[in-house]
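Here is what each chain is made of, one letter per residue.
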Amino acid sequence: MTPRHWPEPPRADAAGVPPTPPQLARWHEQVEELSAGAIRALSGEADLHYRGRRLHRGRQPLPLFGPHLAPALEQGDDAGSFRGAADGIALRLAHSDAALHRRLCPQPPVERLLFELLEQLRCESLADPAMPGVARNLRHRFDAWSRAYHRARLNETTRGLLLYTVAQISRSRVTGEPVLEDTEDLMEGTRADLVPKLGTDLAGLRRHRRDQAAYALHALAIARAVAVLLAHGAEAAEQATAAEGEDDGSPAGFRVLMDFDPPVGEAGRLAQAGEARVVEGDDPAYRVFTRAYDREVAASALVLPAPLRELRERLDARIARQGVQLPWLVRALQALLARPRDDGWQDGQEEGLLDGRRLARLVALPTERRLFRAARSQPLADCAVTLLLDCSASMKEHAEWTAMLADVLARALERTGARCELLGFTTGAWHGGRAQRDWQRAGQPARPGRLNELCHIVFKDAATPWRRARPGIAALLRPDLFREGVDGEALQWAAGRLAAQEAERRILLVFSDGCPMDGATRLANGTHYLDRHLQQVAQRIEQQGQIALYGVGVGLDLSPWYAASHVLDLAHAGAGNAVFREVVGVLGGRVRR
């Protein structure tokens, strides 16, 4: 697949309105799926996938192999840049001995930066000549990175220009391609100074590019020599700054190039994950300060009967406007979830197993052919499906969509014979409520753990038919239901209920549009305390293998949390079955892994 077949990134429309976060998230998801496919094909490694904007091998994130292999939509990079980065990563995985590279890699940041870059350029130079498109993609990506470096004015300082020149002339020597014409004049003086110092090792790069160990000797020599030049430049810059009282351009501009482990989050909707103070301390266990105020409640108990009937009428009207083809949805779900089960025999068949009871008819009627019987099978969905709905404040704007999805899916799943539960989670109060007040009365001990009142809501349990549960489902439209969210404990709760059901298959779909958010807990334990707990719970469920767990992001990439995830763009879903086709696709395994 060439770059022109990849989707171009969404841009502002004619009126200057920028693309919405869900559009950006969907585009990133598509491009990362294509990138992962290209990397798997070129590298020959089957267990590669993107998760949280990073390439993973299984569950292990891979490092950033070079500064030019991290295209970003915010820098104006196009689809060709993402494809070029994918080809570069694939060649690195295919042609570089990771153990040898780790053993030889220097530790000082500048030396490591250059050594990583030179090894990446070596691997890119080994692209198969029979695949000229790969070479074009690599060139396109490197040129785009070079222009972005120049636009950011990183080459206006002596040190920035030195690094840029080394990258340009090294690639030119290793691949045999010319340097970027746009900046050739700018770096001419620096190149003239460098070639006498690095000429022998630059020539050795091309000569030994097929021998990683021999190549590394020249790469190390270049990295060390350039590091010395940069150190001398830093001393001179400090003296000039002290004398003139001016900033000569610190290396902060290219510190991002030395970040070999890129940040988890980016602009565009990506869930943030990280480490919390409590997790990093001596006791990493997840704590709960008090469970005294936690509750599990039926949704119908949260709304008075008369308002609940009005909410149900509103939900029915919304479903009618959507124009869902329920028979199609039932057939699609049955094809995915049902398995053939023996259901007796069909007698009087012209082929199959010989039926001894009919042999007497053969004597009486020699022309009789219906002497056989065949096993009869019936599709049966021996499956339990749980939909766990995030009822935090940010989901309030999606309440109608979420309620419609939940209601229609529950109805369709029931018709297939599968058991279905609709569960939700929120908190009983804002900012900790009574749990936080108890903590304050106790003297605010350190590391209290979760500080809020959980509210776990059962909209429909597995034993209740849809017709009886339908009033309670409409409680999703109640605005004051949506507060804060403790996702990790909600996931544990839903998985525990699902595991207790007798079923051949168990599926848990989590619908969410954000990270766990409880202000009191975050302030007392660290920003990512709840995030890490959700990550650990999801990973434990996935490793146990009893439940198929899927994260469905409502305009958000949930891949940092869930190994299998998908992004729904409800703002552009339109009428009809389109959004339900996506959910069916999730159940069918068409998700990011």
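Rules and cut-offs
- Residues numbered from 1 in each chain as written.
- Predicted model: local features only at pLDDT ≥ 70, side-chain atom pairs only at ≥ 80, totals over all residues.
- Heavy atoms only, no water.
- Helix = DSSP H or I, 4+ residues; strand = E, 2+ residues; numbered from the N terminus.
- Buried < 20%, exposed > 50% of the residue type's maximum accessible area, 1.4 Å probe, protein only.
- Contact = heavy atoms within 4.5 Å.
- 1 Å grid on protein atoms, 1.4 Å probe; cavity = no way out; pocket = protein on both sides within 12 Å on 5 of 7 lines; lining within 4 Å.
- Points joined across faces, edges and corners; volume = space filled by probe spheres on them.
- Nonpolar A, V, L, I, M, F, W, Y, C, P; charged D, E, K, R; others polar.
- Patch = residues over 30% accessible without salt bridge, like charges linked within 9 Å, V, L, I, M, F, W, Y side chains within 5 Å.
- Areas by Shrake-Rupley, 256 points an atom, 1.4 Å probe, with all protein chains shown as cover.
- Salt bridge = Lys/Arg side-chain N within 4 Å of Asp/Glu carboxyl O.
- Expected span 1.5 Å × (residues − 1).
- Phe/Tyr/Trp six-rings, centres within 6.5 Å; stacked < 30°, edge-to-face > 60°.
- Pairing = 2+ DSSP bridges.
- Axes fitted to C-alpha atoms, helices over the stretch in contact; angles between N-to-C directions.
- Polar contact = N/O pair within 3.5 Å; in protein donor to acceptor, adjacent residues only side chain to side chain.
- Core = buried A, V, L, I, M, F, W, Y, C linked by side-chain atoms within 4.5 Å.
- Left-handed = near helix turned anticlockwise from the far one by under 90°.
- pLDDT = per-residue confidence, 0-100.
- Disulfide = S-S within 2.5 Å.

Undergrad: I'd like a rundown of the overall build of the chain, residues and numbers included.
TA: Across its full length, the chain carries 19 helices and 13 strands. In the chain, which comprises 593 residues, the share counted as buried stands at 53%. Taking the contacts inside the chain whose residues are at least 6 apart along the sequence as the reference set, 77% of them involve residues at least 24 apart.

Undergrad: I'd love a proper account of empty space enclosed by the protein, names of residues and values included.
TA: With the rule as written, the count across this model stands at two cavities of 30 Å³ or more. Arg139, Phe142, Asp143, Gln168, Arg171, Ser172, Glu177, Pro178, Val179 and Leu180 are the residues that line the second largest cavity. Breaking the lining of the second largest cavity down by element, the ones donating at least two residues are α5 (132-151) and α6 (158-175). Of the residues that constitute the lining of the second largest cavity, the class distribution is four nonpolar, two polar and four charged.

Undergrad: So, a nonpolar patch on the surface: which residues are in play, and what are the values?
TA: Together, Leu354, Leu359 and Leu362 give the surface a local cluster of nonpolar side chains, amounting to about 250 Å² of exposed area. Along the polypeptide, Leu362 turns up in helix α12 (residues 359-364). Judged by its relative accessible area of 35%, Leu362 falls in the partly exposed class.

Undergrad: Give a description of helix α16 (residues 487-499) that names residues and reports values.
TA: The end-to-end C-alpha separation of α16 is 18 Å, in line with the 18 Å expected for 13 residues at 1.5 Å each. Taken as a whole, α16 has its buried residues at Asp487, Gly488, Glu489, Ala490, Leu491, Trp493, Ala494, Ala495 and Leu498.

Undergrad: Provide a residue-level description of the packing of aromatic side chains, including the pertinent values.
TA: For the structure on display, the rule yields five aromatic pairs. With centroids separated by 5.1 Å and ring planes inclined at 85°, the aromatic side chains of Trp27 and Phe82 adopt a geometry described as edge-to-face. Highlighted residues: Trp27 in helix α1 (residues 21-43) and Phe82 in helix α2 (residues 79-95), separated in sequence by 55 residues. Each member of the pair, Trp27 together with Phe82, is buried.

Undergrad: How would you explain the sheet that holds strand β3 (residues 60-61) if you had to name every residue and give the values?
TA: Across the sheet, which stays open at both edges, the three strands sit in the order β1-β2-β3 with antiparallel pairing between neighbours. Unpaired on one side and paired on the other, β1 (48-51) and β3 mark the two borders of the sheet. Bridge count between β1 and strand β2 (residues 54-57): four bridges; the pairing is antiparallel. Bridge pairing in β2 links Leu48 to Arg57. Its contacts with the sheet place α1 against β1 and β2, and it is angled at close to 155° to β1.

Undergrad: So, the side chain of Arg171: which residues are in play, and what are the values?
TA: For Arg171, the location among the structural elements is in helix α6. Here Arg171 falls in the buried class, since its relative accessible area comes to 4%. Polar side-chain contacts of Arg171 include one of 2.7 Å to the side chain of Glu177.

Undergrad: I'd like to hear about the nonpolar core, residue by residue, with values.
TA: Ranked by internal contacts, the top residues of the largest apolar core, which has 63 residues, are Leu329, Phe459, Leu509 and Phe580. For this core, the leading source of residues is helix α13 (residues 399-416), giving eleven residues. What Leu509 contacts, discounting residues up to four positions off in sequence, is Thr386, Leu387, Leu388, Tyr550, Val552, Val583, Val586 and Leu587. Counting 36 residues, the second largest nonpolar core, distinct from the first, contains Leu121, Leu162, Leu180 and Ala219.

Undergrad: Account for the packing of α6 against helix α7 (residues 188-207), with residues named and values stated.
TA: Running from amino to carboxyl end, α6 crosses α7 at an angle of 40°, the nearest separation of the two axes being 10 Å. Judged by the sense of rotation from one axis to the other, the crossing of α6 with α7 is right-handed. Between α6 and α7, the contacting residues are Leu161, Leu162, Thr165, Val166, Ile169, Ser170, Arg173, Val174 and Thr175 on the first element and Thr190, Arg191, Leu194, Val195, Gly199, Leu202, Ala203, Leu205 and Arg206 on the second. Residue composition of the contact of α6 with α7, grouped by class: ten nonpolar, five polar and three charged.

Undergrad: So what's going on with unusual backbone geometry? Which residues, and what values?
TA: At Gln444, a residue that is not glycine, the phi angle is positive and equals roughly 55°. Mapped onto the elements of the fold, Gln444 is located in the loop between α14 (433-441) and β10 (454-460). With phi around 50°, Arg447 is a residue other than glycine that occupies positive phi space. Under the relative-accessibility criterion, Arg447 is labelled partly exposed at 33%.

Undergrad: Residue-level account of the confidence of the model for the chain, with values.
TA: Close inspection of predicted coordinates is inappropriate in any region flagged by low pLDDT. Here the chain shows a mean pLDDT of 83. Residues at 70 or above account for 88%. Per-element confidence in the chain is highest for β10, whose mean pLDDT is 94, and lowest for helix α9 (residues 277-280), whose mean pLDDT is 35. This model gives residues 238-256 a pLDDT under 50, and the stretch forms 15 contacts once residues within four places in sequence are excluded. Segment residues 261-283: pLDDT under 50, and 65 contacts once partners within four positions in sequence are set aside and those in other chains are kept.

Undergrad: Now, about the state of the cysteines: what can you tell me, with residues and values included?
TA: This structure, assessed with the given rule, holds zero disulfides. No disulfide involves Cys383; its sulfur sits 9.7 Å from the nearest other cysteine sulfur, which is in Cys420. With no disulfide of its own, Cys455 lies closest to Cys391 among cysteine sulfurs, the gap being 8.6 Å.

Undergrad: Outline the packing of α13 against helix α19 (residues 578-587), listing residues and values.
TA: Running from amino to carboxyl end, α13 crosses α19 at an angle of 65°, the nearest separation of the two axes being 12 Å. Relative to α19, α13 is oriented so that their crossing is right-handed. On the side of α13, the interface is formed by Trp401, Met404, Leu405, Val408 and Leu409, while α19 contributes Val579, Phe580 and Val583. Here the contact of α13 with α19 is composed, by residue class, of eight nonpolar, no polar and no charged.

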